[in-house]
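Take a look at the letters that make up each chain.
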Amino acid sequence: MANAKVIAGATRLKQTIRVLNDHWLVTEEAWGDAVRRRFEDAHLAPLAPAVDSAVAGMQKLAEVLDQVRRDCSDRSELS
């Protein structure tokens, strides 16, 4: 099912960003200067809202795919 793959992808994306954040927190012990903060502000901070938007879009896509599948199966039953 295409929608199951979309949901699985969204779940994997959420898990991956959590792992990235966990690993990033570990680096703070060894790397806590201004360069780290600039890197975080420029590259990591924008990821959270982007991932949230992507996951929401993927969930909507899964809903649309479900509806398309239902509509197409309803039409094939009429023939």
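Residues numbered from 1 in each chain as written. Predicted model: local features only at pLDDT ≥ 70, side-chain atom pairs only at ≥ 80, totals over all residues. Heavy atoms only, no water.

J.: It is not clear to me how the pattern of salt bridges should be interpreted in this structure. Could you clarify?
T.: Pairs can form between side chains of opposite charge whenever their charged atoms are close. Scanning all chains against the criterion turns up three salt bridges. The partner of Glu40 in a salt bridge is Arg36, with the nearest N and O atoms 3.4 Å apart. Here Arg36 and Glu40 lie together in helix α2 (residues 34-44), a separation of four residues that amounts to about one turn. Among the salt bridges present, the one from Arg69 reaches Asp66, with a minimum N-O distance of 3.8 Å. Residue Arg69 and its partner Asp66 are both found in helix α3 (residues 47-78); the two are separated by three residues, about one turn of the helix. Note on Arg69: relative accessible area 33%, which makes it partly exposed. (Salt bridge = Lys/Arg side-chain N within 4 Å of Asp/Glu carboxyl O. Helix = DSSP H or I, 4+ residues; strand = E, 2+ residues; numbered from the N terminus. Buried < 20%, exposed > 50% of the residue type's maximum accessible area, 1.4 Å probe, protein only.)

J.: Help me understand the side chain of Arg36, please; the structure alone is not making it clear to me.
T.: Overall, Arg36 belongs to the buried group, its relative accessible area being 4%. Engagement of the side chain of Arg36 in a polar contact is seen with the backbone oxygen of Trp24, the distance being 2.8 Å. At a separation of 3.2 Å, a polar atom in the side chain of Arg36 contacts the side chain of Thr27. The contact partners of Arg36, leaving out residues within four places of it in the chain, are Trp24, Leu25, Thr27, Glu28 and Trp31. (Polar contact = N/O pair within 3.5 Å; in protein donor to acceptor, adjacent residues only side chain to side chain. Contact = heavy atoms within 4.5 Å.)

J.: I'm lost on the packing of aromatic side chains in this one. Help?
T.: Aromatic ring pairs are defined here through the distance separating the ring centres and the angle between the ring planes. For the coordinates displayed, the defined rule picks out three aromatic pairs. Judged by centre distance (5.5 Å) and plane angle (75°), the rings of Trp24 and Trp31 are edge-to-face. Between Trp31 and Phe39, the ring centres sit 6.3 Å apart and the planes meet at 45°, which makes this aromatic pair tilted. Residue classification places Phe39 among the partly exposed residues on the basis of a relative accessible area of 35%. (Phe/Tyr/Trp six-rings, centres within 6.5 Å; stacked < 30°, edge-to-face > 60°.)

J.: Sorry, what's going on with the environment of Thr27 here?
T.: Here Thr27 lies in helix α1 (residues 2-27). A relative accessible area of 28% places Thr27 in the partly exposed class. When the C-alpha atoms of Thr27 and Ala4 are compared, they prove to be 35 Å apart, with 23 residues separating the residues in sequence.

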